[in-house]
Amino acid sequence: MSESLAPPVIWYEGLARYQQQGTAHVLATVVAVNGSAPRALQAKMIVTQDGIVDTLGGGGLEHDVITTARQLLNGEIAAIISKEVKPKVSEVDDTSASAPSKAIRRDAVYTKHYPLGAKLAQCCGGSVTVMFECFNVTPPMSVLVFGAGHVASALMTILAELPCQVDWVDSRPEMFKRYLVDESTTNQSKLYNLPAHIRPHIDDEPVDFVRPFIEQGGQRFILIMTHDHSVDFELVRATLDTISDTSSFDNKYSNISLPYIGCIASSTKAKRFRDRLIQRGYSEQLVNQLIMPIGLPIGGKEPMAVAVSIVAQLLQQYHQAER
């Protein structure tokens, strides 16, 4: 499903959108004003790597705010700040127009003081202090789910509440029918009653999703749980083949880490799959990348119980890798 949402124009729309999608962004807020300034206290804007939402007044002030926000997103701020000090109240006056801007770090929150004079080419004459809050700097989980059965549906109930990107693939249109808003609609963004970060795909060739997904790089999680064991096996093979291919080209695919490959299975199905893969020439080391059965052993066979165990395992691996 292609997303065709209009870009947000008000800061709280952007904040909601980027929080839900897991997109890295900075919320910049005017937290102090002295004298004349372009915007009032608590004015806000959102800055992402390639866009902005709302405004703090334009001009040199906003240009520097955008630059600083993107340096924070890129982890460059430490290289440009030689001294971290908190602006004193006495420094926030009209006589400080020629003083250099100061920035401080308080964990994930930064503040920067801006005298609005010749330095920023703005004639307001006052000064403002802007607070920068970073969100979703760590890339969200990217999950590719094959199959739209009971466990996968329960899985989506949980993933709907997490910062992640989900592509959900099944060849059967009827499996997504329960999520249809209106079968006659032509607006793709309103076609399914699902969060924007969960994208369903109806496709007869699910294998085609594997390689592009892995080659995007970053942490990747692949969950194979279709209604057909033969389709599951081909998806497992396609995933292992892609891992084998990408590991042979270190320069081209240097940003690709080994994905989580999970296939829902009983112990009997798991043994059968492993034996068949070894017989077809896959190395034991490569086959060991496959996680079968999936999920933490917390007990329970109900679809939601299985889904909880799977998401718990994904979160465990995701957060361990980010430490």
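Every value quoted in this text rests on a predicted model; they were computed, and no experiment measured them. (Residues numbered from 1 in each chain as written. Predicted model: local features only at pLDDT ≥ 70, side-chain atom pairs only at ≥ 80, totals over all residues. Heavy atoms only, no water.)

Explain the packing of aromatic side chains here, please?
Within a pair of aromatic rings, the relevant descriptors are the distance that separates the centres and the angle that separates the planes. Under the criterion given, the structure shown has 6 aromatic pairs. Centre to centre, the rings of Trp168 and Phe176 are 5.0 Å apart; their planes meet at 85°, and the pair counts as edge-to-face. Phe176 carries the same exposure label as Trp168, and that label is buried. The interplanar angle of 40° and the centroid separation of 5.8 Å between the aromatic rings of Phe221 and Tyr260 together place this pair among those described as tilted. Here Phe221, found in strand E10 (residues 220-224), pairs with Tyr260, found in strand E11 (residues 260-263); they are 39 residues apart in sequence, far enough to count as distant. Given a relative accessible area of 3%, Tyr260 falls into the buried group. Chaining the aromatic ring pairs together yields one cluster made of Trp168, Phe176, Tyr179 and Tyr192. Sitting above the plane of the Trp11 ring, Lys44 keeps its charged end 5.4 Å from the centroid. (Phe/Tyr/Trp six-rings, centres within 6.5 Å; stacked < 30°, edge-to-face > 60°. Buried < 20%, exposed > 50% of the residue type's maximum accessible area, 1.4 Å probe, protein only. Helix = DSSP H or I, 4+ residues; strand = E, 2+ residues; numbered from the N terminus. Lys NZ or Arg CZ within 6 Å of the ring centre and 35° of its normal.)

It is not clear to me how the sheet that holds E10 should be interpreted in this structure. Could you clarify?
Backbone-to-backbone hydrogen bonds join strands into a sheet, with any given pair of strands oriented parallel or antiparallel. In space, the 6 strands of this open sheet follow the order E9-E8-E7-E10-E11-E12, with parallel pairing throughout. Looking at strand neighbours, the two that pair on one side only are strand E9 (198-202) and strand E12 (290-291), the edges of this open sheet. Across 4 bridges, E10 lies against E11 in parallel orientation. Note on E11: the bridge partner recorded for Phe221 is Tyr260. (Pairing = 2+ DSSP bridges.)

It is not clear to me how helix H6 (residues 229-246) should be interpreted in this structure. Could you clarify?
Each α-helix turn comprises 3.6 residues. Residues three or four places apart therefore point the same way. Between its terminal C-alpha atoms H6 stretches 26 Å, which fits the 26 Å expected from 18 residues at 1.5 Å a residue. Those residues of H6 lying buried are Asp232, Phe233, Leu235, Val236, Ala238, Thr239, Leu240, Thr242, Ile243 and Thr246. (Expected span 1.5 Å × (residues − 1).)

Would you take a moment to explain the packing of H6 against helix H7 (residues 267-279) for this structure?
When two helices pack together, you describe them by how their axes are tilted relative to each other and by the distance separating the axes. Between H6 and H7, the shortest axis-to-axis distance is 11 Å and the interhelical angle comes to 50°. Of the possible angle classes, the one that applies to H6 and H7 is oblique. Crossing hand, H6 versus H7: right-handed. Where H6 abuts H7, its residues His229, Asp232, Phe233, Val236, Arg237 and Leu240 lie against Lys269, Phe273, Arg276 and Leu277. The class makeup of the residues in the contact of H6 with H7 is 5 nonpolar, 1 polar and 4 charged. (Axes fitted to C-alpha atoms, helices over the stretch in contact; angles between N-to-C directions. Parallel < 35°, antiparallel > 145°, perpendicular 65-115°, else oblique. Left-handed = near helix turned anticlockwise from the far one by under 90°. Contact = heavy atoms within 4.5 Å. Nonpolar A, V, L, I, M, F, W, Y, C, P; charged D, E, K, R; others polar.)

Any chance you could explain helix H9 (residues 303-321) here in plain terms?
Along its 19 residues, H9 runs 27 Å from first to last C-alpha, staying within 8% of the 27 Å computed at 1.5 Å per residue. Among all positions in H9, only Ala305, Val306, Ala307, Ser309, Ile310, Val311, Gln313, Leu314 and Tyr318 are buried. Packed against the buried residues of H9 are strand E7 (141-146), helix H4 (150-159), E10, E11 and E12.

Could you clarify how one ought to interpret the pairing of E11 in this entry?
Looking along a regular strand, one sees the side chains alternate between the two faces of the sheet. Of the two faces of E11, both are covered, the one formed by Tyr260 and Gly262 as well as the one formed by Ile261 and Cys263. The sheet contact formed by E11 and E12 spans 2 bridges and is parallel. Bridge pairing links Ile261 to Leu290 in E12.

Can you help me understand the packing of H4 against H9 in this one?
For the pair H4 and H9, the least separation of the axes is 8 Å and the interaxial angle reads 55°. Taken together, the axis directions place H4 and H9 in an arrangement best described as oblique. Crossing hand, H4 versus H9: right-handed. Residues His150, Val151, Ala154, Leu155, Thr157, Ile158 and Leu159 of H4 form the contact with H9, whose own contacting residues are Pro303, Met304, Val306, Ala307, Val308, Ile310 and Val311. Across the contact of H4 with H9, the residue classes tally to 12 nonpolar, 2 polar and no charged.

Honestly, the nonpolar core in this entry has me stumped. Any pointers?
The tendency in soluble globular proteins is for nonpolar side chains to be buried side by side. By size, the foremost hydrophobic cluster in this structure holds 33 residues, and its most contacted members are Val145, Leu155, Trp168, Leu223, Met225 and Ile310. Going through the elements one at a time, E7, H4, strand E8 (164-170), E10 and H9 are the ones with two or more residues in this core. Considering every element that reaches this core, the biggest residue donor is H4, with 7 residues. Excluding anything up to four places from it in sequence, Val145 contacts Ala152, Leu155, Met156, Val166, Asp167, Trp168, Val169, Leu223 and Met225. (Core = buried A, V, L, I, M, F, W, Y, C linked by side-chain atoms within 4.5 Å.)

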